[in-house]
Amino acid sequence: MSVRSIAAGETQAETVTGYTVTAGQTYQVFADASSSTEVERIGLEWLDAAYTPVGAILWSLPTATASVSWHRVGVAGVAPAGAARVRIVLSATPAGAAVPHFWENVYLGAPMRTVGNLFSFGTESPEIDTTGWTAGANTTVSRQVPMMSWAADWYWAGAHVLALTATGSGTVSATTVENPVVTPGVEYLGYCYLSPPTIGSATWVELRYYDGAGAQLSATRGTLAPTSTGYQRQRVSAIAPAGAATCRLLVGMDSATAAQVLRVEQAVVTAAPAMRAGTVLPYADASFEQGVAGWTKISGVATIARSTPWGAYGLDGSYALTVSSATATASTIRSGRFPLPAGSAGLPFRVQFGSIVTAGGWTTTRGIRWYDAANTDLGVTTAAAGPVPSPNWWLLASDQTAPAGATQAAVELTLTATTTSSTVQLDRVALWQSLPVTAVVPQASSASVTITLREVTVGDFIRVYRVTDDGTRTLVRGTSGLLDGTVVVASDLLVIEDYEAPLLTPVSYRVELTDPVTGGVETRQSSTVLVPHADVNEAWLKDPGAPQRNTKVMVKQAPNWQRPLEQAAYRVAGRRNAVVLSGVRGGLEGDLVVWTRSDEERAALHWLLDPGHVLLWQATPGMGVDDMYVSVGQVMEGRVGGPAMEPWREWTLPLVEVDMPTTIGVGGSAGRTWRDVLTEFPAWEAVRDTFATWEALYLDRRE
């Protein structure tokens, strides 16, 4: 949108619509802006139901400089008492007439916070204010709006940033006011974007754990190795020690000079991700974001260190483990020792790591060293040595079997430089129990099939077919629609629930994973399973997008089908027979009559029918009725006679056959947990005011 001034002075544009808001709730607005000559700001104009302003406009700070590059402008705040609507206001102050200002990508709604973040929005982002942070010694904390270009679809950073300003020479720091609850023994990951004042500035992020009395138990620091003064995300991870009750995140800068400014954006503490599902290596030992963690050189001349600077190398995050050898000799490096799952002896394990040769050449022997419960060394098992491929990143793996008595293990790699001055980078190290990469399990209670896909490559496109004995293939539904090869894999472990698998019919699944760069396709074929169904008199009615509403009903009478036809007959003078023009005969139409036998079944059927969605009707094979997607018309619920307290009801459901919906995804919580709810809402009353039903809470659908 172009906003062009007609004279010098402030130029504003606002939405015609006043969007509905609820007083007391927090709202965020942002947009991307571009101008060659002027700075800008964005605001929220609160209105009552009659469109009368309520208080002053909530303005963002003006951007620090003008820029033709698209940059983020935004603000957030609480709707004041009496507010029922809000307008978005855009503002700039050109020096003359006919000066254009460009706006794009406008958002208004609930605050954009990172799912799984232990911090509330007010701490994660300074869009509201700086009260989520406390300044340390030699520091003042404020907000700024430096001109920064963020990706158009990156909504968790930009606009206001936290600014830590040194009041004198020395250390600058700030800590979160919030101290969210943690669980001892769980590894947490903290991170934020840091913009240092100079490339030589020693900036860092620190994760601290405290006991129930507020005494500090540990502190782990991740120091940024900056490549510029731009925004670079620095991570830090640590396992919550015994007795830990809460945590805090600190950011800071050592050896600052007076007036130097460290800028900070998007502060997050969340459960640390695993490099592979089931891996026993902590994040710090697998990703090297804050150093070499527990890795040591056991023998040889090689040196190990975290790569530098930020972003130079990294398969996960922004750093890798750099192994350098001055001579063409062998060196052995080993990770820390970590517990294995109970009963691991005799089971297969897989070690995997990413590697990229950055100088010279290498061969590697991939091994696992085993230990018993008394920390006794049980020896190392290895695969044959092989060359480290080059160029680019490669995932190298080896399968080993845990010996009797093994309860702990360490990754052990023997790296042999084939030339002098050789260097290799390692990242994404994982060690996990090797399980079937594809597994399918029928679920009788929900008439579905659970498909588990392991060791999937993140970033691949995925296509999943349901295959029947006659070879018919049908695409399986995912969270964003059919898994048709356009969906990007986001995790190495995928669990897909197929609620549309036919009853009592053998099916298997074909999975195709396409590399977006090379176009290569990995194909997997599952075993055959059958969805059980005990009572032939019962049928399933299912909502493809909301399987939590699926319900079984007892069938009284299957439909007597009709197939309508659009047809016109023309009587031609002098001819015996009419000329008949016909369209394509329509699908099946008819009334399905079912019984509900309890108040619970009756409520469940109402809940299924309430949204008016397309449903899937599934009956037992052999009844002459195929699985069918249907639209349900006006429903009649009648009593079956007997006393007034009789719970049975007879339902007449007018069905019209329709095509399978292709764009509807299976609704889910998308990673949200109760911790997110507790973080976002200060009291139960606020939850009740925001969500109309339990389903709305589960799906994060706010009123």
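All of the points below concern the structure found in this document.

Reading the values: the criteria
Residues numbered from 1 in each chain as written. Predicted model: local features only at pLDDT ≥ 70, side-chain atom pairs only at ≥ 80, totals over all residues. Heavy atoms only, no water. Helix = DSSP H or I, 4+ residues; strand = E, 2+ residues; numbered from the N terminus. Buried < 20%, exposed > 50% of the residue type's maximum accessible area, 1.4 Å probe, protein only. Contact = heavy atoms within 4.5 Å. Areas by Shrake-Rupley, 256 points an atom, 1.4 Å probe, with all protein chains shown as cover. Lys, Arg positive; Asp, Glu negative; His and termini not counted. Charge placed at Lys NZ, Arg CZ, Asp CG, Glu CD. Phe/Tyr/Trp six-rings, centres within 6.5 Å; stacked < 30°, edge-to-face > 60°. Pairing = 2+ DSSP bridges. Axes fitted to C-alpha atoms, helices over the stretch in contact; angles between N-to-C directions. Core = buried A, V, L, I, M, F, W, Y, C linked by side-chain atoms within 4.5 Å. Salt bridge = Lys/Arg side-chain N within 4 Å of Asp/Glu carboxyl O. Patch = residues over 30% accessible without salt bridge, like charges linked within 9 Å, V, L, I, M, F, W, Y side chains within 5 Å. Arc of directions from axis to C-beta. Polar contact = N/O pair within 3.5 Å; in protein donor to acceptor, adjacent residues only side chain to side chain.

1. A short note on the overall build of the protein chain
Part 1 of the reasoning: Assigned secondary structure in the protein chain consists of 6 helices and 50 strands.
Part 2 of the reasoning: In terms of principal-axis extent, the alpha carbons of the protein chain reach across some 100 × 80 × 65 Å.
Part 3 of the reasoning: A total of 703 residues make up the protein chain; the buried ones form 45% of that total.
Part 4 of the reasoning: When contacts within the protein chain are restricted to residue pairs at least 6 apart in sequence, long-range pairs at least 24 apart make up 74% of them.
Part 5 of the reasoning: For the protein chain, the computed accessible surface area is about 31100 Å², with 55% contributed by carbon and sulfur atoms.
Part 6 of the reasoning: In the protein chain, 47 side chains carry a positive charge and 62 a negative one; their mean positions are 3 Å apart.

2. Description of the packing of aromatic side chains
Part 1 of the reasoning: Under the defined criterion, the tally for this structure stands at 15 aromatic pairs.
Part 2 of the reasoning: With 6.0 Å between their ring centres and 45° between their planes, Y155 and W156 make a pair best called tilted.
Part 3 of the reasoning: Judged by its relative accessible area of 27%, W156 is partly exposed.
Part 4 of the reasoning: When the ring of W561 is compared with that of W617, the centres are 6.2 Å apart and the planes differ by 50°; the resulting orientation is tilted. Here W561 is found in the loop between β43 (551–557) and β44 (567–570), whereas its partner W617 is found in strand β47 (residues 615–618), with 56 residues between them in sequence.

3. Overview of the sheet that holds strand β16 (residues 216–223)
Part 1 of the reasoning: Spatially, the 5 strands line up as an open sheet ordered β10-β13-β18-β15-β16, and their pairing is antiparallel. The open sheet has two free edges, formed respectively by β10 (133–135) and β16, since each of these has just one partner strand. Strand-to-strand twist across the sheet, computed as the mean angle between neighbouring axes with direction ignored, equals 25°.
Part 2 of the reasoning: Sheet analysis places β10 next to strand β13 (residues 170–176), joined by 3 bridges and oriented antiparallel.

4. Remarks on the pairing of strand β30 (residues 408–417)
Part 1 of the reasoning: Across the 10 residues of β30, 8 count as buried, placing the element largely inside the fold.
Part 2 of the reasoning: Pairing of strand β23 (residues 330–334) with β30, which is carried by 5 bridges, proceeds in the antiparallel orientation. Note that in β30 the partner of R334 across the bridge is E412.
Part 3 of the reasoning: Relative to β30, strand β24 (residues 338–339) runs antiparallel, the two being bridged by 2 bridges. Considered in β30, the bridge of F338 is made with A409.

5. What to know about the nonpolar core
Part 1 of the reasoning: L207, Y209 and V251 are the most contacted members of the largest nonpolar core, which has 31 residues in total.
Part 2 of the reasoning: Contributions of two or more residues to this core are made by β12 (161–166), β13, β14 (187–195), β15 (202–210), β17 (232–239), β18 (246–256) and β19 (261–271).
Part 3 of the reasoning: For this core, the leading source of residues is β18, giving 5 residues.

6. Here's the deal with the sheet that holds β19
Part 1 of the reasoning: The 5 strands lie next to each other as β11-β12-β19-β14-β17, forming an open sheet whose pairing is antiparallel. Either end of the sheet is taken by a strand with one partner, and the two such strands are β11 (139–144) and β17. Looking at each pair of strands side by side, their axes are set apart by 30° on average, direction ignored.
Part 2 of the reasoning: When β12 meets β19, the two strands line up antiparallel, connected through 4 bridges. Paired with T165 across the bridge in β19 is V261.

7. A word on the pattern of salt bridges
Part 1 of the reasoning: In total, this model carries 32 salt bridges according to the counting rule given.
Part 2 of the reasoning: Residue D32 pairs with R72 through a salt bridge whose shortest N-O separation is 2.6 Å. Of the two residues, D32 sits in strand β4 (residues 26–35) while R72 sits in strand β7 (residues 67–78), which places them 40 residues apart along the sequence. For the pair D32 and R72, one class covers both residues: buried.
Part 3 of the reasoning: A salt bridge links R221 to E206, with the nearest nitrogen and oxygen atoms 2.9 Å apart. With R221 in strand β16 and E206 in strand β15, this pair connects stretches of sequence that are 15 residues apart.
Part 4 of the reasoning: Sharing partners across several salt bridges, the network here consists of R113, R672, D676, E680, D700 and R702.

8. A closer look at a negative patch on the surface
Part 1 of the reasoning: Side chains of D626, D627, E657 and D659 sit close together on the surface and give a patch of like negative charge.
Part 2 of the reasoning: Judged by relative accessible area, which is 32%, D627 ranks as partly exposed.

9. Thoughts on the pairing of strand β25 (residues 348–359)
Part 1 of the reasoning: Taken across its 12 residues, β25 has 9 buried, putting it largely inside the fold.
Part 2 of the reasoning: Looking at chain direction, β25 and strand β29 (residues 394–401) are connected through 8 bridges and run antiparallel. Looking across to β29, one finds that P348 is bridged to T401.
Part 3 of the reasoning: Summarising the sheet, β25 and strand β31 (residues 422–433) pair through 9 bridges and their orientation is antiparallel. Residue F349 lies in a different strand from β31, and its bridge partner there is Q433.

10. What about the environment of Q562?
Part 1 of the reasoning: Inspection of the secondary structure assignment puts Q562 in the loop between β43 and β44.
Part 2 of the reasoning: Sequence-wise, Q562 and V464 are 98 residues apart; in three dimensions their C-alpha atoms are separated by 34 Å.
Part 3 of the reasoning: The contacts of Q562, once residues within four sequence positions are left out, are G587, L588 and E589.

11. Considering the side chain of T652
Part 1 of the reasoning: Note that T652 resides in strand β50 (residues 649–657).
Part 2 of the reasoning: A relative accessible area of 17% places T652 in the buried class.
Part 3 of the reasoning: Every residue in contact with T652, bar those within four places of it in the chain, is listed here: D591, L592, V593, Q634, V635 and M636.

12. Some words on helix α3 (residues 599–609)
Part 1 of the reasoning: Buried within α3 are the following residues: E601, L605, L608 and L609. Here the buried residues of α3 occupy an arc of 90° about the axis, which is enough to place them on one side.
Part 2 of the reasoning: Its buried side turned inward, α3 meets β42 (538–542), β43, β46 (589–596), β47, β48 (628–632) and β50.

13. A short note on the environment of E265
Part 1 of the reasoning: Among the structural elements, E265 can be located in strand β19.
Part 2 of the reasoning: In the structure, E265 is positioned 103 residues away from L162 in sequence and 6.3 Å away in space, judged by C-alpha atoms.
Part 3 of the reasoning: If sequence neighbours within four positions are ignored, E265 has contacts with E124, S125, P126, E127, W150, A157, G158, H160, V161, C192 and Y193.
Part 4 of the reasoning: In this structure the side chain of E265 is engaged in a polar contact, spanning 2.8 Å, whose partner is the backbone nitrogen of G158.

14. A short note on unusual backbone geometry
Part 1 of the reasoning: Look at the link from T308 to P309: it is a cis peptide, with omega at 0°.
Part 2 of the reasoning: By secondary structure assignment, the location of P309 is in the loop between β21 (303–306) and β22 (321–325).
Part 3 of the reasoning: In this structure, Y51 takes a positive phi of about 70° despite not being glycine.
Part 4 of the reasoning: As for its position among the elements, Y51 is in the loop between β5 (40–47) and β6 (58–59).
Part 5 of the reasoning: On the basis of relative accessibility, which here comes to 31%, the residue Y51 falls in the partly exposed class.
Part 6 of the reasoning: Even without a glycine there, the phi angle at L504 is positive, about 50°.
Part 7 of the reasoning: Examined against the element boundaries, L504 turns out to sit in the loop between β39 (494–498) and β40 (507–514).

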